[in-house]
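Spelled out, the chains give:
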6 protein chains.
Amino acid sequence: MTKRLLVVGAHAADFVWRAAGAIALATAQGAQATVLALSYGERGESGELWKEPGQTVERVKQIRHEQAERAAQILGAQFVCFDLGDYPLEIDRAALERLAAFIRDVGPDIIITHTPHDPFNPDHPVTHDAVMRARLLASGAGVASAFETVKPPVVYCFEPHQPELCGFTPNVFLDITPVYEQKIMAMQQIGSQQYLQHYYTELAERRGNHARRISGDATVRYAEAFQRITPAVVRWLPSHDEGEVSR
Amino acid sequence: MTKRLLVVGAHAADFVWRAAGAIALATAQGAQATVLALSYGERGESGELWKEPGQTVERVKQIRHEQAERAAQILGAQFVCFDLGDYPLEIDRAALERLAAFIRDVGPDIIITHTPHDPFNPDHPVTHDAVMRARLLASGAGVASAFETVKPPVVYCFEPHQPELCGFTPNVFLDITPVYEQKIMAMQQIGSQQYLQHYYTELAERRGNHARRISGDATVRYAEAFQRITPAVVRWLPSHDEGEVSR
Amino acid sequence: MTKRLLVVGAHAADFVWRAAGAIALATAQGAQATVLALSYGERGESGELWKEPGQTVERVKQIRHEQAERAAQILGAQFVCFDLGDYPLEIDRAALERLAAFIRDVGPDIIITHTPHDPFNPDHPVTHDAVMRARLLASGAGVASAFETVKPPVVYCFEPHQPELCGFTPNVFLDITPVYEQKIMAMQQIGSQQYLQHYYTELAERRGNHARRISGDATVRYAEAFQRITPAVVRWLPSHDEGEVSR
Amino acid sequence: MTKRLLVVGAHAADFVWRAAGAIALATAQGAQATVLALSYGERGESGELWKEPGQTVERVKQIRHEQAERAAQILGAQFVCFDLGDYPLEIDRAALERLAAFIRDVGPDIIITHTPHDPFNPDHPVTHDAVMRARLLASGAGVASAFETVKPPVVYCFEPHQPELCGFTPNVFLDITPVYEQKIMAMQQIGSQQYLQHYYTELAERRGNHARRISGDATVRYAEAFQRITPAVVRWLPSHDEGEVSR
Amino acid sequence: MTKRLLVVGAHAADFVWRAAGAIALATAQGAQATVLALSYGERGESGELWKEPGQTVERVKQIRHEQAERAAQILGAQFVCFDLGDYPLEIDRAALERLAAFIRDVGPDIIITHTPHDPFNPDHPVTHDAVMRARLLASGAGVASAFETVKPPVVYCFEPHQPELCGFTPNVFLDITPVYEQKIMAMQQIGSQQYLQHYYTELAERRGNHARRISGDATVRYAEAFQRITPAVVRWLPSHDEGEVSR
Amino acid sequence: MTKRLLVVGAHAADFVWRAAGAIALATAQGAQATVLALSYGERGESGELWKEPGQTVERVKQIRHEQAERAAQILGAQFVCFDLGDYPLEIDRAALERLAAFIRDVGPDIIITHTPHDPFNPDHPVTHDAVMRARLLASGAGVASAFETVKPPVVYCFEPHQPELCGFTPNVFLDITPVYEQKIMAMQQIGSQQYLQHYYTELAERRGNHARRISGDATVRYAEAFQRITPAVVRWLPSHDEGEVSR
């Protein structure tokens, strides 16, 4: 069982659309889940809030924090934000080391983050690169080193908005049927981006269709797609019937 | 748990070097394992036997059958050979349908076979393509069809002799430490290709080193590398600590 | 303006789900559209029909022909089937030359067909390869040859069921908003695969979302995605505002 | 019709060799064309000027400015240079925001720039990355944001000096036959790099040959090759006969 | 020194445009060079000859044979044609074994042939695949086998007409300056495809420019580009100054 | 013959495991070899030294310097370290220009360095990128420039620890049999990373096996694998028998 799950997004709400099911499944099974947002997405993704007269950046951040925190609570996760700014998000040496220290503190078995490429968003690839680099600083070279290290966490990329154009090739379909209602509720908290709820509700259904076709398991109704980018080390070769969709 | 494992090789002994550990682990856990060789490799891989004066092709095939069968027995698997000829191996319509019927009969959860590319061997890619095509004929389009279908098996490629030049990128490292002695014994049965034992013994150690670095699990001593080419459908996101190397 | 459009599918109904919008738009603008099915998909995709007691292959083909023909009529296209058999579809020399002759006769400006890879279907890549090969036989080497040639048609691949796993990267999003109702009606004719209507209705909406994000054109509601695989030769560099979504 | 075209080069003269035809065609059709050079290429590409005794960097920049400006005028375009220095060109936060503001001001339908990879030049990929990032900052995430946005411009890469080694795969061949004389005249203005004229004159002929083979249109004599890297959103599927080489 | 060079083309004249320099350099250094054409290209590439009234296929083949033979003689090579037919060229089991036997007889150090992909020609990829397969049948699996084997020849692909669209990435530039006049003369023999002489003359100059830029060697005036697809086994790491352009 | 060889590693001992054979072969043939380490690897790779009570960073660096220097001496090379720090190694503008000046001073025919990707080490790709960028600054654009330039050196990547996961595809296998003992002795100097000796001793044997299979040359017992990433400019096409393994 995964004991500690860390989801890192560029903006406050990325985790909701793309990994809410994964988080809810993990916490339902007793895992500790942490969501880290590198920024609030206050410039790039909060346009709805800025339509309000007299809006201020502090107020926008506060609302985004509250929305993300409520969504995280529904999923059983803790929400943390580094508030590094967005559009563009930039990671300097201090931010990189702060991120490495955070990973060392959390000691996650799994990290979920953005894809390395995303031609539609300037902050997503920056986040991916920072996470991958900080993960190596936290876990070391696999040999004795001068600093404390954690076991190298498994890394998954969650699904970007336009998967094919981001080079996203899903190799893991997660059956989120048991926690689907939680995901819907979490999405409803993000009032600043209501237009995404319908889109990601349909996506869960579409990925469920794919998962059924791939596995032949007719019980999967909703799924989230991920691309695992670090190898698996296993004690037996997984099939769909063992340790996977074996209900 | 995997219940039925099918390993398909172009030649009689391919399964030993590349998947003996996977087979032994599966059968130790109660699975039924079947090894299918499309040919005996009587022309391309049996040169040692041909050095014997008065050698005949029937005798070469018989020796290869006996060696492969003994190796399979040690691993707890059944050995079957289609005897389609090698160098070159060719798959006509009848052979394709025979292979599809075999897959339908065995009903494997997992199929392990060659990589799609191998610039060092003319028969390996032919086998890969035939297996992938026969698997689709056996499992159908994922919708109701005119014929009996089986659930689509998960497919892994085992490691070719020169992995980088075959485009092989391992994404699953299987800890074969518990069955390592069985693999050694199985390899010893293939007297016609003794020169490969040292090579694949060292490879197990090397892949063990990789697996330790990837997972941080110091108990892995020997491993086999695989490339999974069909997606996983799962109930939770696997990490190294859960359902994998969780000892 | 395109004057002649040719859509080639492995099975009778492929064109409906994947290119109905493209066909309807073309014929609405005065083009002549031809749909060629290499088989009826009588074995792999007609399972619903086979549930009927006493069903025969001839009856299945007849029903599939009628359904496809009605769908084609709604879109303003002619439907032709080579009836070469499916699961597996095989293209021998005679079938290849028949296909080349067909392309020479139709003289299409554009051909739309399957992607070169599809790990979920054994007949789709066979169709792609046959179309590409027949196209070259019909159009020649671009130099004087011993036989009649047609201008080399532009080639698009339509969207497969699981795009990322087929290596499909859309580079053309076609706004089908004006003909959306026609596509719905055409899909309704394919009674033998009713379960696909909901899936492809949602897909049109999803691709419309993508097209709006890419172009900034808020009027696109429904779209079909294509991957153009032959280069464009143009008199000016196309943007979204000129000759594309210029309403 | 394209109304606003922006060409961004690392050095003062990049636009001439690689996109002069595209610019001349656009302005001939009434478009407004802007050429932005991030540097004058005063160090890396102006060796001929430095052979003059007593040469100064200010004088080199002045000559390069005049040459580029004259070439731009011949093509009907405006020339602007950020003068950020070359070999190496570096883009800091201020330069990035200046570039984003420039794109927002120009509001181009199309941007043409360097390829993402160029193992022969340290400044070309830096320019590509800066343009792609600034374009996203100028156009936003496709959703309501805190700042003014422009419609996301279509992006083309122009042809690098050694295309295959830069990973350049042309997918658009632009027929520049009608403006070929203008391109020759523009190239003649760049006295500091005369050795490139013959090379790019031949290249236009070679790309014309390719365009004829691809389209079957014998009237194309000269062409420029481009790689479009953002998808098209269209109202009908383009062929060569419609809206492309339809003379 | 290479002692035996084998060039395999789909059609009679492929070797002239693409490898004449390589052949002339080899034979000038004492190597034995053999050109094998799988067909005469009598249908796809001999259109000029078919314009002659009363032309027959036998006469076309004869003219093509004579032209190719004269070109080969100028380069010091022997010309052989299997006359398997073109458009489409097909390789059955007998042709494959004939090709393997031919390779075994010639025992080449180097084979030069077409690229694996060519979207402009149906016969070029077929030739590539047949050569690669026959080469493996001739050289065996690198272990003792039941048949006579030759050392595995190094394989180069020569340059296709539209390199980027064939996935051709040159990694070897051959300085053909010393034998340039021989290549011109050889090209002049192919009267049936005169239109290619100008194109390939310019290409030699263009590839010479590339070779100068890559190596810094100003003496290279003309070059041919190749893509080596089998690894090198060497006694020291080659640079441009040693064993390469070390004049 | 190569006259000047430069090996650039992120950490003090990288050159020993990955290129000791190449260095020893070059110096045995009269070449001048320089090893540049960008850091001592004092944090990431020196854990064994840090186990000593009262250890200091200066002492660790001194030990690492002495070990690397002794290994270099055994191979006939000079060892230089920039001491830029590791985990993370960062290259600012000054370090980049220092590296470019170093390359200009050494004037190497060949540079050997890390692969562009390495998911197991944060400093290796940084080194690769810095070397490639500094090489361009040192050699210029291939045209006259404002600064002194050197001929563009050939670039090889040496083998990373987990080659397939770093995208490493070897295309050059160097026969290090004649200098194998020197490599063993050099590795023995790196007392701070003793655990790597066995691994890289076996690797030399494994790569020797590959080299024999590729070339058919049975005399190769030990090899190092490299990936050449800049094209070759040659006077004849290399085979295995000429200028390579031609003993």
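This paragraph deals with the overall build of chain A. Of the regular secondary structure elements, chain A holds seven helices and eight strands. Computed over C-alpha atoms, the radius of gyration of chain A comes to 18 Å, within 12% of the 18 Å expected from 2.2 N^0.38 for 247 residues, which places it in the range of a compact globule. Principal-axis analysis of the C-alpha atoms gives chain A an extent of 55 × 50 × 35 Å. Going through the 247 residues of chain A one by one, you find that 69% of them count as buried.

A separate point is the relation of the copies chain C and chain E. Expressed as a screw transformation, the operator carrying chain C onto chain E has a rotation angle of 120 degrees and an axial translation of 0.0 Å, and the superposed copies differ by an RMSD of 0.0 Å. Given the turn and translation reported, the copies of this chain are related as if by a three-fold rotation axis. Considering only C-alpha atoms, the residue of chain C closest to the rotation axis is C:Asp92, which sits at 7.2 Å.

Residue and element names in this part refer to chain E. Turning to its location among the elements, Ser-39 is positioned in the loop between strand E2 (32–37) and helix H2 (47–50). The spacing of Ser-39 and Arg-64 is 25 residues in sequence and 10.0 Å in space, taken between C-alpha atoms. In this structure Ser-39 touches Ala-10, His-11, Ala-12, Cys-81, Asp-83, Leu-84, Gly-85 and Asp-86, once residues within four positions along its chain are discounted. Of the polar contacts made by the side chain of Ser-39, one reaches the backbone oxygen of Ala-10; its length is 2.9 Å. A polar contact is formed between the side chain of Ser-39 and the backbone nitrogen of Gly-41, at a distance of 3.0 Å.

Moving on, we get to the sheet that holds strand E4 (residues 110–113) of chain F. Ordered by their spatial adjacency, eight strands build an open sheet running E8(E)-E6(F)-E7(F)-E5(F)-E4(F)-E1(F)-E2(F)-E3(F), and the pairing between neighbours is mixed. With partners counted over all chains shown, the strands left at the sheet margins are strand E8 (232–234) of chain E together with strand E3 (77–81) of chain F, one partner each. Pairs of neighbouring strands in the sheet enclose a mean axial angle of 25 degrees, with direction left out of account. Sheet topology note: the strand E1 (residues 4–9) of chain F/strand E2 (residues 32–37) of chain F ladder contains six bridges and is parallel.

Residues and elements named next belong to chain D. Taken across its six residues, strand E1 (residues 4–9) has five buried, putting it largely inside the fold. Taken together, E1, helix H1 (residues 14–28) and strand E2 (residues 32–37) form a β-α-β motif whose crossover is right-handed. Two strands pair when backbone bridges link them, and E1 and strand E4 (residues 110–113) are joined in this way by three bridges, in the parallel orientation. Looking at the pairing, Leu-6 lines up with Ile-111 of E4.

Below, the discussion takes up the interface of chain C and chain E. Every contact between the two is made by 14 residues of chain C and, on the other side, 21 residues of chain E. Both sides of the chain C and chain E interface together cover about 1400 Å² of buried area, and 64% of this is carbon and sulfur. Run the count over chain C and chain E and you get one salt bridge. Residues C:Arg93 and E:Glu90 are paired through a salt bridge, measuring 2.9 Å at the closest nitrogen-oxygen approach. Counting across the interface, chain C meets chain E through three residue pairs in polar contact (both at pLDDT 80 or more). Mapped by element, the contributors of at least two residues to the side of chain C that touches chain E are helix H4 (93–106) and helix H5 (123–139) of chain C. Here the element with the most residues in the side of chain C that touches chain E is H5(C); it accounts for four residues. For the side of chain C that touches chain E, the per-class residue count stands at eight nonpolar, two polar and four charged.

With that out of the way, let us pick up the sheet that holds strand E2 (residues 32–37) of chain C. Here eight strands make up an open sheet; going across it, the order is E3(C)-E2(C)-E1(C)-E4(C)-E5(C)-E7(C)-E6(C)-E8(D) and the pairing mixed. At either margin of the open sheet sits one strand with a lone partner, and together these are strand E3 (77–81) of chain C together with strand E8 (232–234) of chain D. Here the strands of the sheet are splayed against their neighbours by 25 degrees on average, with no regard to which way each runs.

This brings us to the pairing of strand E3 (residues 77–81) of chain D. All names here are of chain D. A one-sided burial pattern is seen for E3, the buried positions being Ala-77, Phe-79 and Cys-81 and the unburied ones Gln-78 and Val-80. Looking at chain direction, E2 and E3 are connected through five bridges and run parallel. Opposite Leu-36, over in E3, you have Val-80 as the bridge partner.

Scanning the model with the defined rule gives 42 aromatic pairs over all chains in all. Residues A:Tyr87 and D:Phe147 carry aromatic rings whose centres are separated by 5.7 Å and whose planes lie at 40 degrees to one another, so their mutual orientation is tilted. Placement of A:Tyr87 in the loop between strand E3 (77–81) and helix H4 (93–106) and of D:Phe147 in the loop between helix H5 (124–139) and strand E5 (154–158) is noted, with the two residues assigned to different chains. Among the residues examined, A:Tyr87 registers a relative accessible area of 3% and is labelled buried. Geometrically, the ring pair formed by E:Phe15 and E:Phe79 is tilted, given 6.3 Å between the ring centres and 35 degrees between the ring planes. With E:Phe15 in helix H1 (residues 14–28) and E:Phe79 in strand E3 (residues 77–81), this residue pair connects regions lying 64 residues apart in the sequence.

Here we come to the pattern of salt bridges. Tallied over the entire structure, the rule returns 66 salt bridges over all chains. A salt bridge links C:Glu159 to C:Arg207, with the nearest nitrogen and oxygen atoms 2.9 Å apart. Of the two residues, C:Glu159 sits in the loop between strand E5 (154–158) and strand E6 (172–175) while C:Arg207 sits in helix H7 (residues 195–215), which places them 48 residues apart along the sequence. Residue C:Arg207 is classed as buried on the basis of its relative accessible area of 1%. When salt bridges that share partners are traced, they join A:Glu159, A:Arg207, C:Glu164 and C:Arg206 into one network.

Our next topic: the packing of helix H6 (residues 180–188) of chain F against helix H7 (residues 195–215) of chain F. Residue and element names in this part refer to chain F. One can describe the packing of H6 onto H7 by two numbers: an axis separation of 10 Å at closest approach and a directional angle of 165 degrees. Relative to H7, the element H6 is oriented roughly antiparallel. When the axes of H6 and H7 are compared, the crossing they make is right-handed. In this structure, H6 contributes Tyr-180, Ile-184, Met-187 and Gln-188 to the contact, and H7 contributes Gln-197, Tyr-200, Thr-201 and Ala-204. Tallied by class, residues from the contact of H6 with H7 come to five nonpolar, three polar and no charged.

Glancing now at the arrangement of the chains. Between chain A and chain E there is no contact; the minimum C-alpha to C-alpha separation amounts to 19 Å. Separated throughout, chain C and chain F approach each other most closely at a C-alpha pair spaced 19 Å apart.

With an omega dihedral of 0 degrees, the bond running from C:Tyr87 to C:Pro88 counts as a cis peptide bond. Position of C:Pro88 among the secondary structure elements: in the loop between E3 and H4. Here F:Tyr87, not a glycine, exhibits a phi torsion of approximately 50 degrees, which is positive.

Let us look at helix H1 (residues 14–28) of chain A. An α-helical turn contains 3.6 residues, so a residue and the one three or four places further along point in the same direction. All names here are of chain A. Along its 15 residues, H1 runs 21 Å from first to last C-alpha, staying within 8% of the 21 Å computed at 1.5 Å per residue. Bending of H1 peaks at approximately 70 degrees at the position of Ala-20. Across the 15 residues that make up H1, a large majority, 14, are buried. A positive backbone phi angle near 95 degrees is found at Gly-30, which sits one or two residues after H1.

The next subject is the state of the cysteines. All names here are of chain B. If you walk through the whole model with that rule in mind, you get zero disulfides over all chains. Free of any disulfide, Cys-157 has its nearest cysteine sulfur in Cys-166, 10 Å distant. Overall, the relative accessible area of 1% leaves Cys-157 in the buried class.

A separate point is the side chain of F:Arg18. Residues and elements named next belong to chain F. Examined against the element boundaries, Arg-18 turns out to sit in helix H1 (residues 14–28). Within the structure, the side chain of Arg-18 is placed 3.1 Å from the backbone oxygen of Glu-159, a separation counted as a polar contact. When neighbours within four sequence positions are excluded, Arg-18 is seen to be in contact with His-114, His-124, Phe-158, Glu-159, Pro-160, His-161, Lys-183, Tyr-200, Glu-224 and Phe-226.

Let us now look at the packing of helix H1 (residues 14–28) of chain C against helix H6 (residues 180–189) of chain C. Residues and elements named next belong to chain C. The geometry of H1 relative to H6 is characterised by a closest axis approach of 9 Å and an angle of 140 degrees between their N-to-C directions. In this view, H1 runs oblique relative to H6, as classed from their interaxial angle. Crossing handedness for the pair H1 and H6: right-handed. Mapping the contact onto sequence places Val-16, Trp-17, Arg-18, Ala-20, Gly-21 and Ala-24 in H1 and Gln-182, Lys-183, Ala-186 and Met-187 in H6. Taken together, the residues of the contact of H1 with H6 break down into six nonpolar, two polar and two charged.

The next thing to look at is the confidence of the model for chain A. All names here are of chain A. Residues with a pLDDT of 70 or more make up 95% of chain A, whose mean pLDDT is 93. Below a pLDDT of 50 lies the segment residues 242–247, which in the model reaches 27 contacts outside its immediate sequence neighbourhood of four places, other chains included. In the model output, the complex is listed with pTM 0.96 alongside ipTM 0.93.

So, how was this worked out
Residues numbered from 1 in each chain as written. Chains lettered and ligands numbered in written order. Predicted model: local features only at pLDDT ≥ 70, side-chain atom pairs only at ≥ 80, totals over all residues. Heavy atoms only, no water. Helix = DSSP H or I, 4+ residues; strand = E, 2+ residues; numbered from the N terminus. Rg over C-alpha atoms; globule rule 2.2 N^0.38 Å. Buried < 20%, exposed > 50% of the residue type's maximum accessible area, 1.4 Å probe, protein only. Least-squares fit on C-alpha atoms with pLDDT ≥ 70 in both. Contact = heavy atoms within 4.5 Å. Polar contact = N/O pair within 3.5 Å; in protein donor to acceptor, adjacent residues only side chain to side chain. Pairing = 2+ DSSP bridges. Axes fitted to C-alpha atoms, helices over the stretch in contact; angles between N-to-C directions. Right-handed = clockwise from strand over helix to strand, strands pointing away. Buried area = accessible area lost by both parts, 1.4 Å probe. Salt bridge = Lys/Arg side-chain N within 4 Å of Asp/Glu carboxyl O. Nonpolar A, V, L, I, M, F, W, Y, C, P; charged D, E, K, R; others polar. Phe/Tyr/Trp six-rings, centres within 6.5 Å; stacked < 30°, edge-to-face > 60°. Parallel < 35°, antiparallel > 145°, perpendicular 65-115°, else oblique. Left-handed = near helix turned anticlockwise from the far one by under 90°. Expected span 1.5 Å × (residues − 1). Bend = angle between axes of the 7 residues up to and from the residue. Disulfide = S-S within 2.5 Å. pLDDT = per-residue confidence, 0-100.

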